[in-house]
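Now for the letters of each chain:
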Amino acid sequence: LGDVFTAISAKQSHIPFRNSKLTHLLAPCLSGDGKTLMFVNISPETKDAEETLCSLRFASKVNACELGARGSGARRNVSTVQEQPAQTPSKSR
């Protein structure tokens, strides 16, 4: 998957979709004008720090990619989630 995003970012003429079964299946979604959403799971545990950092680096690489066959690419709408205090439902009698 990383090879595909690297090739798309570099605007290479050949995108290696056939390097894996996953990228072969995702080829229509990644090569068209569709939008792509990626979730990244990270862990707060110290023992998982290396894997978390690797995942965040990959997500950063993917976020820099502009998809779209016509060169216009899909517009990214990146937002951050802010923690809000939990609200307790009010009880009506």
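Presented here is an overview of the structure given in this document. (Residues numbered from 1 in each chain as written. Predicted model: local features only at pLDDT ≥ 70, side-chain atom pairs only at ≥ 80, totals over all residues. Heavy atoms only, no water.)

The next thing to look at is the overall build of the chain. A tally of helices and strands in the chain yields three helices and zero strands. Across the chain, helices and strands are ordered from the amino to the carboxyl terminus as α-α-α. Across the 93 residues in the chain, those meeting the buried criterion constitute 19%. Considering only contacts within the chain whose residues lie at least 6 apart along the sequence, 42% involve residues at least 24 apart. (Helix = DSSP H or I, 4+ residues; strand = E, 2+ residues; numbered from the N terminus. Buried < 20%, exposed > 50% of the residue type's maximum accessible area, 1.4 Å probe, protein only. Contact = heavy atoms within 4.5 Å.)

A word on the environment of asparagine 19. If you trace the backbone, asparagine 19 turns up in the loop between α1 (2-9) and α2 (21-31). Take asparagine 19: its relative accessible area is 54%, and that puts it in the exposed class. Taking the C-alpha atoms as reference points, asparagine 19 and valine 4, separated by 15 residues in sequence, lie 8.6 Å from one another.

In this structure, Val4, Phe5, Ile8, Phe17, Ala27, Leu30, Val62, Cys65 and Leu67 together form the largest nonpolar core, which totals nine residues. Where this core is concerned, the elements lending two or more residues are α1 and α2. The biggest single contributor to this core is α1, with three residues. (Core = buried A, V, L, I, M, F, W, Y, C linked by side-chain atoms within 4.5 Å.)

Read these as spatial facts, not as claims about activity.
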